[in-house]
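# Chain and residue survey
Listed below, chain by chain, are the residues.
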Amino acid sequence: KQEKSEMKTTKKKGCVSEIKVSPPITHPERVYICSPLGAETEKEIFCNMRAAGGYAGYVINKMQYFATAVHAYLPFFYNDKIQKQRAEALNMGMQVLKDSQILMVCGNRISDGMKTEIEYAIKNHKEIITFNRNVFEDVIELVLESGEKEFNVQLNKDHPTLANAPNYSDSNEMFRLCCGFGGA
């Protein structure tokens, strides 16, 4: 039985705020969110970070998995343009992926960084869930190129929000949509 999220209203010294309370996690598997980060402009990179956080929020709130999207926050601490810092951030992400059972590929394209994560998941026989038909076909292509005989790749059409790219004209849209803020 799925429980809906609820809003709690709190008062603090004359300030009223609403806090979203997520439903309980019902799936014990850890999910690693795989989605694009790199882009042409800093605004688009920030939008991709927001989208990654939004995808994770959606997976937690709507699908009730424990999800992590390291690229939603690591770019605040590591500069992707400095090779040493990029390598450290990628290593941290791979450590989180190693501890995850499921790789969820979100968005409508596969970047070079995502390709590395997907190849790792294939090699280590992790469950891979995609939400976009073209991305699903690209992941199957990577499986075939790997030569792996055992794999678990799924196309899940029940959550179209996870198949979409962020709208760069509104960097908050994906975050609101996925996390349930702003009336979604």
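Everything numeric here is computed off the predicted structure, so don't read it as measured data.

Attention now moves to a nonpolar patch on the surface. On the surface, a nonpolar cluster with roughly 460 Å² of combined accessible area is contributed by F46, Y73, F76 and F77. For F76, the location among the structural elements is in the loop between β4 (65-68) and α2 (83-98).

The next thing to look at is a negative patch on the surface. On the surface, E119, E137, D138, E141 and E145 cluster together into a negatively charged patch. Broken down by element, the residue count for the negative patch peaks at four residues, all from helix α4 (residues 133-146). Within the element layout of this structure, E141 appears in helix α4.

For the rest of this paragraph, the subject is the pattern of salt bridges. Scanning the entire structure with this criterion turns up one salt bridge. The partner of R86 in a salt bridge is D80, with the nearest N and O atoms 2.7 Å apart. Judged by its relative accessible area of 25%, R86 is partly exposed. D80 sits in the partly exposed class, given a relative accessible area of 39%.

To continue, consider unusual backbone geometry. Positive phi, close to 65°, is recorded for Q64, a residue that is not glycine. Note that Q64 resides in the loop between α1 (42-63) and β4. Its relative accessible area of 2% is what places Q64 among the buried residues. A positive phi angle, close to 55°, is found at H125, a residue other than glycine. If you trace the backbone, H125 turns up in the loop between α3 (112-123) and β6 (127-130).

This part is about the packing of α3 against α4. In contact at an axis separation of 10 Å, α3 and α4 are set at 55° when each is read in the N-to-C sense. Classified by the angle their axes make, α3 and α4 are oblique. Between α3 and α4 lies a crossing of right-handed hand. Across the interface between the two elements, K115, I118, E119 and I122 of α3 pack against V139, L142, V143 and S146 of α4. Tallied by class, the residues present in the contact of α3 with α4 amount to five nonpolar, one polar and two charged.

Definitions and cut-offs
- Residues numbered from 1 in each chain as written.
- Predicted model: local features only at pLDDT ≥ 70, side-chain atom pairs only at ≥ 80, totals over all residues.
- Heavy atoms only, no water.
- Patch = residues over 30% accessible without salt bridge, like charges linked within 9 Å, V, L, I, M, F, W, Y side chains within 5 Å.
- Areas by Shrake-Rupley, 256 points an atom, 1.4 Å probe, with all protein chains shown as cover.
- Salt bridge = Lys/Arg side-chain N within 4 Å of Asp/Glu carboxyl O.
- Helix = DSSP H or I, 4+ residues; strand = E, 2+ residues; numbered from the N terminus.
- Lys, Arg positive; Asp, Glu negative; His and termini not counted.
- Charge placed at Lys NZ, Arg CZ, Asp CG, Glu CD.
- Buried < 20%, exposed > 50% of the residue type's maximum accessible area, 1.4 Å probe, protein only.
- Axes fitted to C-alpha atoms, helices over the stretch in contact; angles between N-to-C directions.
- Parallel < 35°, antiparallel > 145°, perpendicular 65-115°, else oblique.
- Left-handed = near helix turned anticlockwise from the far one by under 90°.
- Contact = heavy atoms within 4.5 Å.
- Nonpolar A, V, L, I, M, F, W, Y, C, P; charged D, E, K, R; others polar.

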